[in-house]
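# Coordinates in review
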Amino acid sequence: MKKLLSVFLTILMTICCLTPNYAFAASNSEFNAEFTQEEFEALEHVYAVSVQPYASGLIVKHTLGIAKSNGELLITGLTEGSSDVVRCGFTKVVIQRRTSSSASWSKYKEFSDLCNNSKYYKLSKRVPVESGYQYRVSATHYAKKSMLSTQKLDATTSYLQF
């Protein structure tokens, strides 16, 4: 009986370990207010500049920018994959802040798993922020062709003073 129970538990544990588990980020409507590119460009804004010397070619276009508007930080971004990409977006987007007298950045808010099952993802978020701080955004662009073929690119914007 002990041996039968042991074999059963071993098989059960093996099945549990091999079954894929999926986690999805909960949508927070507070930060999902859409804005147009024209609205963004009309405000004081900055974009990230990133150079990736060793790229796999899955991500063909990527941008990340921030703007300030009436006490809100507007975040815009784009991840576009090649024609054979099946999933793309951002694995994480981190808003960082610091006082002007500080040298180090601290995490203010973080969003994760901002992806969809296509070759194109556009990020557009409005986040209310406190005045008296400098804010910047760091993000990781992501594209997936298959289980073994993915690409990630890191980008960080310059800062804006609120």
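Predicted model only: the values in this text are computed from it and were never measured. (Residues numbered from 1 in each chain as written. Predicted model: local features only at pLDDT ≥ 70, side-chain atom pairs only at ≥ 80, totals over all residues. Heavy atoms only, no water.)

Another point: the side chain of histidine 141. Considering the arrangement of structural elements, one finds histidine 141 in strand S7 (residues 134–146). Since its relative accessible area comes to 0%, histidine 141 is described here as buried. At 3.5 Å, the side chain of histidine 141 and the backbone oxygen of leucine 78 are in polar contact. There is a polar contact of 2.8 Å between the side chain of histidine 141 and the side chain of threonine 79. (Helix = DSSP H or I, 4+ residues; strand = E, 2+ residues; numbered from the N terminus. Buried < 20%, exposed > 50% of the residue type's maximum accessible area, 1.4 Å probe, protein only. Polar contact = N/O pair within 3.5 Å; in protein donor to acceptor, adjacent residues only side chain to side chain.)

A few words on the pattern of salt bridges. Proximity of charged atoms lets side chains of opposite charge pair with each other. Under the definition given, this model contains five salt bridges. With a closest N to O distance of 3.3 Å, aspartate 113 and arginine 87 form a salt bridge. Placement of aspartate 113 in strand S5 (residues 106–116) and of arginine 87 in strand S4 (residues 87–98) is noted, with a sequence separation of 26 residues between them. What makes aspartate 113 partly exposed here is its relative accessible area of 26%. Under the relative-accessibility criterion, arginine 87 is labelled buried at 17%. (Salt bridge = Lys/Arg side-chain N within 4 Å of Asp/Glu carboxyl O.)

On to the state of the cysteines, then. Every disulfide links exactly two cysteines, by a covalent bond between their sulfur atoms. For the structure on display, the rule yields zero disulfides. There is no disulfide at cysteine 88, and the cysteine sulfur nearest it, in cysteine 115, is 7.3 Å away. (Disulfide = S-S within 2.5 Å.)

Now for the environment of threonine 140. Structurally, threonine 140 can be placed in strand S7. In this structure the C-alpha to C-alpha distance between threonine 140 and serine 112, which are 28 residues apart in sequence, comes to 9.6 Å. Non-local contacts of threonine 140, meaning those with residues more than four positions away in its chain, are made with Gly89, Phe90, Thr91, Lys92, Lys152, Leu153 and Asp154. (Contact = heavy atoms within 4.5 Å.)

Another aspect to go through is the pairing of S4. Taken across its 12 residues, S4 has 10 buried, putting it largely inside the fold. Judged from the 11 bridges that link them, S4 and S7 form a sheet pairing that is antiparallel. When the sheet's bridge partners are listed, isoleucine 95 is paired in S7 with valine 137. Pairing geometry for S4 and S5, over nine bridges, is antiparallel. Residue pairing for S5: arginine 97 is matched across the bridge by serine 106. (Pairing = 2+ DSSP bridges.)

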